[in-house]
Each structure stands twice: as structure tokens, then as C-alpha cells.
Amino acid sequence: MKKYLVIALLVIVAIVVAYLTFVIAAIKIIIGAILLGVSAIALLAVWIMWKIDD
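Now for a quick tour of the structure. (Residues numbered from 1 in each chain as written. Predicted model: local features only at pLDDT ≥ 70, side-chain atom pairs only at ≥ 80, totals over all residues. Heavy atoms only, no water.)

**Considering the overall build of the protein chain**
Working step 1: A count of helical and extended segments in the protein chain gives 1 helix and 0 strands.
Working step 2: Here the protein chain has a C-alpha radius of gyration of 23 Å; the compact-globule value for 54 residues is 10 Å, and the former is much larger.
Working step 3: By its C-alpha atoms, the protein chain is 80 × 5 × 5 Å across when sized along the principal axes.
Working step 4: Per-residue burial for the protein chain yields a buried fraction of 0% across its 54 residues.
Working step 5: Carbon together with sulfur atoms contributes 85% to the accessible area of the protein chain, which is approximately 5200 Å² in total. (Helix = DSSP H or I, 4+ residues; strand = E, 2+ residues; numbered from the N terminus. Rg over C-alpha atoms; globule rule 2.2 N^0.38 Å. Buried < 20%, exposed > 50% of the residue type's maximum accessible area, 1.4 Å probe, protein only. Areas by Shrake-Rupley, 256 points an atom, 1.4 Å probe, with all protein chains shown as cover.)

The structure is reproduced here in C-alpha cells:
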């Protein structure tokens, strides 16, 4: 009985670690997408300013 309890505990820990890894990766992807959008807008603004000066 104790063996099955240890196996179940290890499976639960593995599932929790996989879930947390997925959540952290999803948060990093969202932050990266936001930063990419901000940098694209900033680059567009710089390009527009450069075009207006000409």
C-alpha cells in the first residue's frame, strides 16, 4: 500500500511541475508578445518621425 502511495505522490508532483512549467512558459510568451508589440509601435513611430523630417 505504501508503494502505491509513493507512486501516486510522485505522479501528482510530476503533474504539478508540468502544469507550473506550462503556466510560466505561457506567461513568458504573453510578456514577449506584448514587448514585441511595444517595440514594433516604437519602431513605427521612429520611422514616421524620420519620414516627416524629409
